Amino acid sequence: MLQPKRVKFRKTHKGRRSGAAHDGATIAFGEYGLQALGTGWMTARQIEAARRAITRSIRRGGKVWIRVFPDKPVTSKPAETRMGGGKGAPDHWVAVIHRGRILFELAGVDEGAAKEAMRLASGKLPFETRFLMKEAIGQISRKEAADNES
């Protein structure tokens, strides 16, 4: 599973989950993408489960890009421990996902296979997602530009 090799600080604050993504909100590498429509934390286990679902679905064809990395430690205290005693030990790693973030990209397969692979992957994730195509994004932006000119 994914996790950082080294971190500057062992424990982090919880942070804010609301808002839209600024970076990583467009398809950069592949032809197809899976975009988050909600916000939340995506654990390293969920990323791995989605990756396995995609690679098994496309079999030997295509290339997969994972556009998120779990670099935030989440702490937890042992079960049946009394209150107090400070913050718990790091338990697992999560990636903070904002609305609009591209999670996975795919290239080298046909649209039907890509759509099915992304559908299977989205079932492993804790928020709603949508399937995107690179050409479709270009067509939408050209259409919006034409509408703005007139």
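The model shown is predicted, which means the values in this text are computed figures rather than measured ones. (Residues numbered from 1 in each chain as written. Predicted model: local features only at pLDDT ≥ 70, side-chain atom pairs only at ≥ 80, totals over all residues. Heavy atoms only, no water.)

Examining the side chain of T129
(1) Moving on: Position of T129 among the secondary structure elements: in strand β7 (residues 129-133).
(2) Moving on: Given the relative accessible area of 16%, T129 is considered buried. (Helix = DSSP H or I, 4+ residues; strand = E, 2+ residues; numbered from the N terminus. Buried < 20%, exposed > 50% of the residue type's maximum accessible area, 1.4 Å probe, protein only.)

Describing helix α1 (residues 44-58)
(1) Moving on: Between the first and last C-alpha of α1 there are 21 Å, a value that for 15 residues agrees with the 21 Å anticipated at 1.5 Å per step.
(2) Moving on: Listed in full, the buried residues belonging to α1 are A44, I47, A50, A53, I54 and I58.
(3) Moving on: Buried residues along α1 sit against β2 (40-43), β3 (63-66), β5 (89-97), β6 (102-107) and α2 (111-122). (Expected span 1.5 Å × (residues − 1). Contact = heavy atoms within 4.5 Å.)

Describing the pattern of salt bridges
(1) Moving on: Tallied over the full model, the rule gives 4 salt bridges.
(2) Moving on: Taking the shortest distance from any N to any O, the salt bridge between K115 and E111 comes out at 3.8 Å. Within this pair, K115 and its partner E111 are both found in helix α2, separated by 4 residues, close to a single helical turn.
(3) Moving on: A salt bridge links R119 to E116, with the shortest nitrogen-to-oxygen separation between them at 2.7 Å. Of this pair, R119 and E116 both sit in helix α2, 3 residues apart, which is roughly one turn of that helix. (Salt bridge = Lys/Arg side-chain N within 4 Å of Asp/Glu carboxyl O.)

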